[in-house]
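Here is how the chains run, residue by residue.
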Amino acid sequence: MVTAAAAFGAAGDAQTSASKALTKASLPLAVNVFDPLDSDVRLGCYASYTDGQIYNNIAFNLTGYIKVQESQTYFRMYAPFNTSTDYWGVTSGMIVFLKADKTFHSGLNVTAESFTIPSGAEYAQISVPAAMWWSFQLWQTSATSSTGWKPSSNREPREWAHGFQLKSLRQTRMRAGNLIMGLVPTQQLVVNLLGDSYLQIASKTTTALANRAVARLGDAGGGWVGFGFLAGTGAGTGPWTAGNQPANLNGNARPALYPCRIYGNPTPAYYTENMCDCASLTLNPGDAVEIDFPAAPAISAIPLHWIGTGNGTLRYGFGATQGALPTSWTTQNVAGTAGTSALTNLSLTGLVQPGTLRIEGVTGTCKLGGVNLKSNAGGVRFNKIAATGGSWSGWAGLNQDQWQTSFADLGGHLTIIQDGRNSQAATTAALTRDAALKEIINRVRGKTTANPKPTMAMDVLIYTSCENSAAGRTVAISSYARMDRRRAYLARCAHMDGQVSIGWPDFPAEVAWDGPFPAMSNDGGGPAQSIHLAALWGGTIMAVDVLEVLIPNS
């Protein structure tokens, strides 16, 4: 294996020497044969010229299989931005040649701008420094139709436009439009937020997004309140009391209005549970969960989501004021079939608003996912079903029928599917992650074993997180963004790219906590290292991104 450092030298060396500058007069007429939008491009990768093996490295991108002509001369060129020089040459880089069946033929590591295709080679793949990707072109100087250098698709707005196919969100646009224009005051728009900690940590983006949307469209209720949390570092330790709560309880999109508390020593489970937010909390006798709710809007139903244990019984009741204990109780059997997801509509007898719902374990073990606070009021309702540390591969790995039992109760007209850092941290290949995304899209649109071909009735917005500056990254999130846009096209979804709105993918240090635009938090473990969005910086931008969809111009 040839290391990237040895093959390329310092990043940006290709454009640092004025002596390499060429003029138009010295260049032959040529046609560009490289397209950065080719479906077989590999972002965040390079190919070794010694054997053609592909390795992850976020500093480079690998072209697709470019059809070439043997014995012909080609030029690798860059057209730098903001310079008076028309053309700069490349000083280093690896080229891999392939046979007709796309197996390795030979390779070069050359310092000249031009190179000749060896006999028997049908394709070429070129490793390009990521910072130069959008200006790179490959010129075929022997082309009979010579046109000279031109921007071609290298700088096409469609690649960098932030919102892609936003008009496809027809449910969202219709329902938000009816509410904004007062045409159907009782209309509801239910939004599901499925993602990782970027959405699960409500203070970053979710609460600001939900509060503004509710203020503009109306309040259709509290929605999902998740009981699960990720145990371990940062969560805290039990026993849990009113003054000692887990730091990362899934909870609600608007936790100030619908705060959730747990008591005792219940056992959490995360990532693997067939609940809508892939988490659960197992109550032992005496353990409890409480949820407060405001005076309005009126609660019309409270489905309890649970997983059978074969032996569980609980009781629940309503406090007359927030935080008050119930004066009467209803007993509920939640034994069910072990491991099977189920729903129970809690009786609303004794419900007072504002007030408190308290659920206690009585016998056996009661494995609970959460409750869905529904209302008949017009407006928008948010279901925060994100999981800190979660990734699309994890969601797609859940049992589709069991998960659907929980998710379908949420209803929903728009599901926002977000991912980035956790797939990157797991070095998930872009194609593997794309397969998981395809499965998730099908599931939120109703796919089950009995219904393998779901409808398009659910709007889907794919949101690719911006590149971060955490140490040890080997996969570029920009490689995910490109695949996400392709999936949006194929599945008739919309796509938004945090690479554009929050952080430029080639310069993640710019938005790190100590950068000139600190959109990210100081949580990466060192200088210029960030993982999460900062609440009033990148988090606000992400909220505004989604609000552009929820509150259309009218």
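Bear in mind the structure is a predicted one, so any value in this text is a computation, not a measurement. (Residues numbered from 1 in each chain as written. Predicted model: local features only at pLDDT ≥ 70, side-chain atom pairs only at ≥ 80, totals over all residues. Heavy atoms only, no water.)

1. Observations regarding the overall build of the protein chain
Looking only at helices and strands, the protein chain features twelve helices and 30 strands. Counting all 554 residues of the protein chain, 56% fall into the buried class. When contacts within the protein chain are restricted to residue pairs at least 6 apart in sequence, long-range pairs at least 24 apart make up 76% of them. (Helix = DSSP H or I, 4+ residues; strand = E, 2+ residues; numbered from the N terminus. Buried < 20%, exposed > 50% of the residue type's maximum accessible area, 1.4 Å probe, protein only. Contact = heavy atoms within 4.5 Å.)

2. With respect to the environment of Ser 127
With respect to the helices and strands, Ser 127 occurs in strand E11 (residues 123-129). A sequence separation of 32 residues divides Ser 127 from Ile 95, and the C-alpha atoms of the two residues are 6.5 Å apart. A polar contact of 3.1 Å, which involves the side chain of Ser 127, links it to the backbone nitrogen of Ala 47. (Polar contact = N/O pair within 3.5 Å; in protein donor to acceptor, adjacent residues only side chain to side chain.)

3. What about the sheet that holds strand E23 (residues 330-333)?
With respect to topology, five strands assemble into an open sheet ordered E16-E19-E25-E22-E23, the strand pairing being antiparallel. Each having just a single partner strand, strand E16 (260-263) and E23 make up the two edges of the open sheet. Each strand axis lies, on average, 20 degrees off the axis of its neighbour in the sheet, ignoring direction. Of the strand pairs in this sheet, strand E22 (residues 313-319) and strand E25 (residues 355-363) are connected by seven bridges, and their pairing is antiparallel. The residue of E25 that forms the bridge with Phe 318 is Leu 357. (Pairing = 2+ DSSP bridges. Axes fitted to C-alpha atoms, helices over the stretch in contact; angles between N-to-C directions.)

4. A short note on the sheet that holds strand E28 (residues 414-419)
Taken together, six strands build an open sheet; the order of strands is E13-E30-E29-E28-E14-E27 and the sheet is mixed. The open sheet has two edge strands, strand E13 (163-164) and strand E27 (379-384), and neither has a second partner. Judged from the six bridges that link them, strand E14 (residues 188-194) and E27 form a sheet pairing that is parallel. From the neighbouring strand, Leu 189 faces E27, where its bridge partner is Val 380. In the packing of helix H9 (residues 430-444) onto the sheet, contacts are made with E14, E28 and strand E29 (459-464), and the angle to E28 comes to roughly 160 degrees.

5. A closer look at a nonpolar patch on the surface
A contiguous nonpolar surface patch, about 340 Å² in accessible area, is contributed by Phe 517, Leu 536 and Trp 537. Positionally, Trp 537 belongs in the loop between helix H11 (498-501) and helix H12 (538-550). By relative accessible area, which is 38% here, Trp 537 ends up partly exposed. (Patch = residues over 30% accessible without salt bridge, like charges linked within 9 Å, V, L, I, M, F, W, Y side chains within 5 Å. Areas by Shrake-Rupley, 256 points an atom, 1.4 Å probe, with all protein chains shown as cover. Salt bridge = Lys/Arg side-chain N within 4 Å of Asp/Glu carboxyl O.)

6. Comments concerning the environment of Arg 433
The topology assignment puts Arg 433 in helix H9. By relative accessible area, which is 0% here, Arg 433 ends up buried. Setting aside residues up to four positions removed in sequence, Arg 433 forms contacts with Trp 392, Asp 419, Gly 420, Ser 423, Thr 428, Thr 464, Tyr 480 and Asp 484. A polar contact of 2.6 Å, which involves the side chain of Arg 433, links it to the side chain of Asp 419. In this structure the side chain of Arg 433 is engaged in a polar contact, spanning 2.8 Å, whose partner is the side chain of Asp 484.

7. Overview of the pairing of E28
Burial within E28 is extensive, with six of its six residues counted as buried. Of the two faces of E28, the one holding Leu 414, Ile 416 and Gln 418 and the one holding Thr 415, Ile 417 and Asp 419 are both buried throughout. Where E14 meets E28, four bridges bridge the pair, whose relative direction is parallel. Bridging from a neighbouring strand, Val 191 pairs with Leu 414 of E28. Two elements, E28 and E29, share six bridges in a ladder whose sense is parallel. Pairing of Asp 419 across the sheet is with Thr 464, part of E29.

8. A look at the confidence of the model for the protein chain
Averaged over every residue, the pLDDT of the protein chain is 86; residues scoring 70 or more account for 86%. Across residues 2-29 the pLDDT falls below 50, and counting only partners more than four positions away or on other chains, this stretch makes 57 contacts in the model. Low pLDDT, under 50, characterises residues 79-91; the stretch is placed with 43 contacts to residues that sit more than four places away or in other chains. (pLDDT = per-residue confidence, 0-100.)

9. Quick look at the environment of Ser 341
Mapped onto the secondary structure, Ser 341 falls in strand E24 (residues 341-345). Looking at Ser 341, the relative accessible area reads 8%, which means it is buried. In the structure, Ser 341 is positioned 36 residues away from His 305 in sequence and 7.4 Å away in space, judged by C-alpha atoms. Once residues within four sequence positions are removed from consideration, Ser 341 is found in contact with Asn 274, Met 275, Trp 306, Ile 307, Gln 402 and Thr 405.

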